[in-house]
There are 2 protein chains.
Amino acid sequence: MSEQISFEPPRGMRDFYPEDMAWRNRVFDAFRAAATQAGFEPYDACVVESYALLARKAGEEVGNQIYHFTDKSDRHIALRPEMTPTLARMVAQRQHQLSFPIKWTTIAQCFRYERMTKGRKREHYQWNLDIIGEDSILAEVEVLGTACNALRKMGLKDEDDRVRVSSRALLAELLQASGIEEDKHASIFLALDKRGKIPDEGIKEILRDGGIDDNGIEKAFELLNVKDLDGVAKLVSQDSIALNNLRELFRLAEIAGFAGQLVFDISVIRGLSYYTGIVFECFDTAGEFRAIFGGGRYDNLLTTIGGDPTSAVGLGFGDVVVTELLKSRLGENAALPKNGVFVGFMTPDEKDAALKVAAKLRSNGENVNLCLKKMKPKQFFSRASTSSCLQAIYLGPDDVASGKAKIKNLETREETEFALN
Amino acid sequence: MSEQISFEPPRGMRDFYPEDMAWRNRVFDAFRAAATQAGFEPYDACVVESYALLARKAGEEVGNQIYHFTDKSDRHIALRPEMTPTLARMVAQRQHQLSFPIKWTTIAQCFRYERMTKGRKREHYQWNLDIIGEDSILAEVEVLGTACNALRKMGLKDEDDRVRVSSRALLAELLQASGIEEDKHASIFLALDKRGKIPDEGIKEILRDGGIDDNGIEKAFELLNVKDLDGVAKLVSQDSIALNNLRELFRLAEIAGFAGQLVFDISVIRGLSYYTGIVFECFDTAGEFRAIFGGGRYDNLLTTIGGDPTSAVGLGFGDVVVTELLKSRLGENAALPKNGVFVGFMTPDEKDAALKVAAKLRSNGENVNLCLKKMKPKQFFSRASTSSCLQAIYLGPDDVASGKAKIKNLETREETEFALN
């Protein structure tokens, strides 16, 4: 006799039953379709990475959260917390063969060992878009346009979400103009990024501990009150590259047809320290959920692992928040449209005919869910109506005797007769 | 300065560059399409499982090969070596809510720490089809028909592969008829399964060590010479359930249209001990590769983890062998058909027009790879021809001035003029 063991997944890990998988497929299909439509090439790598690679890139916080272990040959390996170090490794490996710019995409499972709170599991999937080796703002436009397209393909409306755009380079210029030296910028960015998560007083304390004087702190907070690019223009020089880049982004997004989705928001900073240019975060307009996606330009990723300097724009789009948002906007049961034919039979004598009908429909490209057991009419139609199928064919002795049967639309209840042979 | 770190993936793990990913997508798309067409519902679970669950089900050999470790809360977790224990856990968890039979499918990444030999990595993807809670042979037919359909969708021809079918239950009847007691059957199955991998003499030795006498060994080997079901019929009783089930399988496969892919082969045994009925393995007809897929009926899976007894038919179909086979039959570069439009521009003055054309084509549902940099004609068309696109649009100053441009088919070299607005 075997002892009963737990039927639950390990703590923090997710099971996807068919109804969960339907949502995941809706989201992943939109990721894939939007990336394909914009010419991004799919790539992937194993979720197991070398610990040395991950630790090199990861900030201290993430470093503590890495699932890591040694294999039987004492190799120090880990489950990746994000895809970017792996991307950097793969690009660095072929840096002299690839034709830049490259546009790559993946849907990567990522692991973080963190305290469990609502909506925070220890693994999630993250759709990544990266354009590597292109300095022009067209790269930002392609990445943002593709992400917005994915939201539309999932079924969200234009008014459901907005992308808040800012620029690390612009913030740096503004801090510089306020007399705050460059070596203080990184710690200011990290502190200001906590806004909304901890009280402003706490942020000021962090800045004070980081060696920023009261005047600097006041200036930093003042900057966050700038509302638009015209407000920015009053504070920086006319030939500010950062400002012109932001203006170019909005101009090109207008041509590409998604400028209405973008808003300038100077308070968008992004936690990770490696961003160097334009940064962005997408939120639901109702403000109910955490960020849907985020990203920006980063310039020194390859150099941290020993590759050549290369400019890149990247985006990370998790599966959790957008799925919650979709369920809330479309309804819990709206994951996939009904499709296909549910086929069943009343007695064992109709089994062969049912199999034949199923095979014929499938060879015509139809999706067919063949019931493997005989069923009474009531049971059959009850199952059919809760299935994912739109139509049903139920064969009884009379149908086989007459050589004719009916296909029923389960929504309209309309029936159409057809010949069994 | 940072020390250079390795750009290689950890030993035994695979990177998928875009050209590898194209093959993987060809294979996975066929898995998904065939499963959907046959009404299998997708499910999934995290690659991290509890070690206790995996060790319970795994044979001793697999048990030694599990990647396992303890997390920061001292939980003993592992990377699954196969999906079946997870499937059993998920089904057991909802055994009283699910409407049986269920037909489930997944493409699961699985890990085994094993000696590295050619073609054997430490991770692979395995497509799983399982029908749980159905005793009739229609379950076997659905699983096998779906797998054969996937092979066709990948582009293999009917003559490229054959499924060898046998039955554990039949072998048990035959051994019984030869006077070999039931408690010896399992060790005989495991020994005979090694045929072709180790010399017959070695198998005989294993059998002798397992307590089978010389007469039994001779009988076991004799059985492997039975060539067809008529040969079987001479050795077992007329009302043998196992024989009738095999006959029913071939009869139903005829109705479903894939009987030509099946051959009876008594030597198919399958290594794992949990099979109880029909078993099968698919091979390329040229005999160049290892098994493409394998599976069969198993009856006591849920009971080993504490669930109720349930009959099931399962299939595991790895990504490695079939990809090698496809490359060998279709050619290394045949992964995906060319598709989409490559769009580029000669000088920065055409950038806006190129972006506009790309946006317009995309909104019409076309796939468009927009080049982000200005390019000279030669460079543009050289890139276009090595891209995955079938068509190209290249904008120069004259095109923008005239408001007209050309779309070129890169294979036929045919050009069609269109208006830029």
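Quantities reported herein were computed from a predicted structural model and do not represent experimental measurements.

Help me get a handle on the overall build of chain A, residues and values and all.
The helix and strand inventory of chain A stands at 16 helices and 18 strands. Counting only C-alpha atoms and orienting by the principal axes, one finds that chain A spans roughly 90 × 55 × 50 Å. For chain A, long-range pairs separated by at least 24 residues make up 67% of all intrachain contacts whose partners lie at least 6 apart in sequence. Summed over its atoms, the accessible surface of chain A is roughly 18400 Å², and 48% of this surface lies on carbon and sulfur atoms. Separation of charge centres in chain A, based on 55 positive and 62 negative side chains, amounts to 7 Å.

An account of the sheet that holds strand 7 (residues 102-111) of chain A is needed here, citing residue identities and associated values.
All names here are of chain A. Read from one edge to the other, the open sheet built from eight strands follows the order 2-7-8-13-12-11-9-10, with strand pairing classed as mixed. For this open sheet the edge positions go to strand 2 (41-42) and strand 10 (262-264), each flanked by a neighbour on one side alone. With six bridges connecting them, strand 12 (residues 293-298) and strand 13 (residues 312-318) associate as antiparallel partners. Bridging from a neighbouring strand, Phe 293 pairs with Phe 317 of strand 13. Across the face of the sheet, helix 5 (residues 138-154) comes into contact with strand 7, strand 8 (123-132), strand 9 (161-167), strand 10, strand 11 (275-284), strand 12 and strand 13 while running at roughly 140 degrees to strand 8.

Account for the environment of Ala 147 of chain A, naming residues and giving values.
Residue and element names in this part refer to chain A. Along the chain, Ala 147 turns up in helix 5. Ala 147 sits in the buried class, given a relative accessible area of 0%. Residues Ala 147 and Ala 172, spaced 25 residues apart in sequence, show a C-alpha to C-alpha distance of 27 Å. In this view, Ala 147 contacts Trp 127, Leu 129, Phe 293, Leu 315 and Phe 317; residues no more than four positions away in its chain are not counted.

Please provide a residue-by-residue account of the state of the cysteines, values included.
For the structure shown, the criterion picks out zero disulfides over all chains. No disulfide involves Cys 110 of chain A; its sulfur sits 11 Å from that of Cys 46 of chain B, the nearest cysteine. Residue classification places Cys 110 of chain A among the buried positions, given a relative accessible area of 1%.

Lay out the pattern of salt bridges with the relevant residues and their values.
The full count for this structure, using the stated rule, is 52 salt bridges over all chains. Residues Arg 75 of chain B and Asp 71 of chain B are paired through a salt bridge, measuring 3.5 Å at the closest nitrogen-oxygen approach. As a salt-bridge pair, Asp 200 of chain B and Arg 195 of chain B come within 3.3 Å of each other at their nearest N and O atoms. A residue is classified by how much of its surface remains accessible, and Asp 200 of chain B, at 29% relative accessible area, is partly exposed. One network of salt bridges, with partners in common, ties together Asp 160, Asp 284, Glu 288 and Arg 329 of chain A.

Now, about the relation of the copies chain A and chain B: what can you tell me, with residues and values included?
Copy one and copy two of the chain differ by a rotation about an axis and a translation along that axis. In the superposition of chain A on chain B (RMSD 0.0 Å, axial shift 0.0 Å), the rotation amounts to 180 degrees. Interpreted geometrically, this transformation is the action of a two-fold axis. Scanning chain A for the C-alpha nearest the rotation axis identifies Phe 69 of chain A, at a separation of 3.1 Å. A shared binding surface is used by both copies, with 100% of the interface residues of chain A retained as interface residues in chain B.

So what's going on with the interface of chain A and chain B? Which residues, and what values?
Tallying the contact residues gives 100 residues for chain A and 100 residues for chain B. Interface area, chain A with chain B, both sides summed: about 8200 Å², of which 57% is carbon and sulfur. Interface area lost by chain A to chain B is led by Phe 7, Tyr 17 and Leu 372 of chain A, which between them contribute 10%. Seen at the junction of chain A and chain B, the total is 14 salt bridges. Between Lys 373 of chain A and Glu 134 of chain B there is a salt bridge; the shortest N-O distance is 2.8 Å. Applying the counting rule to chain A against chain B returns 40 residue pairs in polar contact (both at pLDDT 80 or more). Here the side of chain A that touches chain B gets eight residues from one element, more than from any other, and that element is helix 1 (residues 18-37) of chain A. Split by residue class, the side of chain A that touches chain B holds 46 nonpolar, 23 polar and 31 charged. Pairing between strand 1 (residues 15-16) of chain A and strand 3 (residues 44-45) of chain B: two bridges, direction antiparallel.

Explain helix 6 (residues 168-177) of chain A to me, using residue names and the numbers behind them.
All names here are of chain A. Along helix 6, the positions that sit buried rather than exposed are Arg 168, Leu 170, Leu 171, Leu 174 and Leu 175. Axial view of helix 6: buried residues confined to an arc of 160 degrees, hence all on one face. Where helix 6 terminates, the next one or two residues include Gly 179, which has phi positive at roughly 85 degrees.

Can you lay out the packing of helix 6 (residues 168-177) of chain B against helix 7 (residues 185-192) of chain B for me, pointing to particular residues and giving the numbers?
Residue and element names in this part refer to chain B. Between helix 6 and helix 7, the least distance of the axes is 11 Å, while the angle of their chain directions is 115 degrees. The hand of the helix 6/helix 7 crossing is right-handed. Side by side, helix 6 and helix 7 meet where Arg 168, Leu 171, Ala 172, Leu 175 and Gln 176 of the first sit next to His 185, Ile 188 and Phe 189 of the second. Residue composition of the contact of helix 6 with helix 7, by class: five nonpolar, two polar and one charged.

Lay out unusual backbone geometry with the relevant residues and their values.
Residues and elements named next belong to chain A. With an omega dihedral of 0 degrees, the bond running from Phe 100 to Pro 101 counts as a cis peptide bond. As for its position among the elements, Pro 101 is in the loop between helix 4 (84-93) and strand 7. Of note, the phi angle at Asp 74 is positive, near 65 degrees, even though the residue is not glycine. Given a relative accessible area of 64%, Asp 74 falls into the exposed group.

Talk me through helix 4 of chain A; I want residue IDs and the actual numbers.
A large share of helix 4 of chain A lies buried, amounting to nine of its 10 residues. Buried residues of helix 4 of chain A: Thr 84, Pro 85, Thr 86, Leu 87, Ala 88, Arg 89, Met 90, Val 91 and Ala 92 of chain A, and no others.

Explain the domain arrangement of chain A to me, using residue names and the numbers behind them.
Bring the parts together and some accessible area is lost; that lost area is often taken as the interface size. Structurally, chain A comprises domain 1 (18-330) and domain 2 (341-419). Computed over C-alpha atoms, the centres of domain 1 of chain A and domain 2 of chain A are 50 Å apart.

I'd like to hear about the environment of Ala 139 of chain A, residue by residue, with values.
Tracing the sequence through the fold places Ala 139 of chain A in helix 5. Between the C-alpha atoms of Ala 139 of chain A and Val 313 of chain A, which are 174 residues apart in sequence, the distance is 6.6 Å. Excluding residues that lie within four positions of it along the chain, Ala 139 of chain A makes contacts with Ile 131, Glu 134, Arg 297 and Val 313 of chain A together with Leu 372 of chain B.

The rules behind these values
- Residues numbered from 1 in each chain as written.
- Chains lettered and ligands numbered in written order.
- Predicted model: local features only at pLDDT ≥ 70, side-chain atom pairs only at ≥ 80, totals over all residues.
- Heavy atoms only, no water.
- Helix = DSSP H or I, 4+ residues; strand = E, 2+ residues; numbered from the N terminus.
- Contact = heavy atoms within 4.5 Å.
- Areas by Shrake-Rupley, 256 points an atom, 1.4 Å probe, with all protein chains shown as cover.
- Lys, Arg positive; Asp, Glu negative; His and termini not counted.
- Charge placed at Lys NZ, Arg CZ, Asp CG, Glu CD.
- Pairing = 2+ DSSP bridges.
- Axes fitted to C-alpha atoms, helices over the stretch in contact; angles between N-to-C directions.
- Buried < 20%, exposed > 50% of the residue type's maximum accessible area, 1.4 Å probe, protein only.
- Disulfide = S-S within 2.5 Å.
- Salt bridge = Lys/Arg side-chain N within 4 Å of Asp/Glu carboxyl O.
- Least-squares fit on C-alpha atoms with pLDDT ≥ 70 in both.
- Buried area = accessible area lost by both parts, 1.4 Å probe.
- Polar contact = N/O pair within 3.5 Å; in protein donor to acceptor, adjacent residues only side chain to side chain.
- Nonpolar A, V, L, I, M, F, W, Y, C, P; charged D, E, K, R; others polar.
- Arc of directions from axis to C-beta.
- Left-handed = near helix turned anticlockwise from the far one by under 90°.
- Domains from an automatic or database assignment.

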